[in-house]
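Structural description and commentary
Single-letter residue listing:
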Amino acid sequence: MDTPPATELTVAAVQATPVPGDVAHNAAVAARLVGQAADAGARLVVLPELFLCAYHPPTLHEDPVATDLPAAATGEIDDGRLDALRSAARDSGSVVVVGASVRHADGRRTCSAVVVDRVGDAVAAYDKQLLWGPEENALFTPGTTGATLLVDDWRLGLGICYDGCFPEHGRAAADDGAHGYLAPSGYVVGSAHRRDVYYAARALDNTMYVVFANSVGGDADWSFNGGAAVYDPEGRPVGRAPDEGESVVVATLDPTELARVRAAHTMLRDRRELGGRRILTAR
């Protein structure tokens, strides 16, 4: 965990408004935003939770066939609706992380992070482990394992929205040697305080970069609040989008800064197992 990557990595955190149930349209929007991010120098692009189908539980309940991406037993996804996004990743030389509803070969439906690599291959790389509220628990099966994505010598833990509200999820990524944490998310209007605290805290807790993407806008019942951001290893935003409107936040992950922070703040090395607790009664 104390060995930084050899080179910088420029990343993008995206916020945009997908159309509920229209995977092909949303993939085309994602492709456009990947191109915009790549033009600004990004080689890794993170888009919001469930972006390919939109985070809209009524639509996900009503039409699972149209909203789900089918995954093989290996996790590979071969779906023509992703062609524009595959081409954008291939043409720009970018790795893309984007949220989707995935139907696995064994019948499970998961809220997943799909990775589209630089040759255009797509895979369901991580299934959300900590489902939020009755809507998600009615729709999805929780994932059972974490995942670390390797991009240009950077080790990047994958989390989805509510995962990042649990300190142990980010710590599990750090324990696997992560230099950063990618968080496709869906925070609704009214949750900006929690949105801004959780991911800054995960960055500082684990002295790692955090890339947070979020949807923005939507209908009155499911309206999202943007605020896409990249946080440095001390939890400071090095780039943040406003709470409204489409935006692409581009920032560079710096291995020298990562090493400096980890030398100054040694929580990862100092952590140890804590003993049991005494109960004291005050008089």
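Residues numbered from 1 in each chain as written. Predicted model: local features only at pLDDT ≥ 70, side-chain atom pairs only at ≥ 80, totals over all residues. Heavy atoms only, no water.

As stated in UniProt under Sequence similarities (unreviewed entry), the record for the chain gives "Belongs to the carbon-nitrogen hydrolase superfamily. NIT1/NIT2 family." (UniProt positions renumbered as here; feature names shortened; annotations may be inferred.)

1. Some remarks on the UniProt feature "domain: CN hydrolase" (unreviewed entry) in the chain
The feature "domain: CN hydrolase" (unreviewed entry), as annotated in UniProt, sits at residues 9–255 in this numbering. Taken end to end, residues 9–255 has its terminal C-alpha atoms 9 Å apart, with 28% of it in helix and 31% in strand. (Helix = DSSP H or I, 4+ residues; strand = E, 2+ residues; numbered from the N terminus.)

2. Looking at the pattern of salt bridges
Taken as a whole and assessed by the stated rule, the structure comprises 19 salt bridges. Here glutamate 136 ties to lysine 128 by a salt bridge, and the two come within 2.9 Å at their closest N and O atoms. Aspartate 176 is paired through a salt bridge with arginine 155; the nearest N and O atoms lie 3.2 Å apart. One end of the pair, aspartate 176, is in the loop between helix H6 (167–175) and strand S10 (180–185); the other, arginine 155, is in strand S9 (residues 154–158), and 21 residues separate them in sequence. Given a relative accessible area of 28%, arginine 155 falls into the partly exposed group. Linked by salt bridges that have partners in common, Arg195, Asp196, Arg240 and Asp243 make up one network. (Salt bridge = Lys/Arg side-chain N within 4 Å of Asp/Glu carboxyl O. Buried < 20%, exposed > 50% of the residue type's maximum accessible area, 1.4 Å probe, protein only.)

3. Some words on helix H1 (residues 23–39)
Taking 1.5 Å of rise per residue, the 17 residues of H1 would be expected to cover 24 Å, and the 24 Å separating its terminal C-alpha atoms lies within 8% of that figure. What H1 keeps buried is the set Val23, Asn26, Ala27, Val29, Ala30, Ala31, Leu33, Val34, Ala37 and Ala38. One or two steps after H1, the chain reaches glycine 41, where phi turns positive at roughly 105°. (Expected span 1.5 Å × (residues − 1).)

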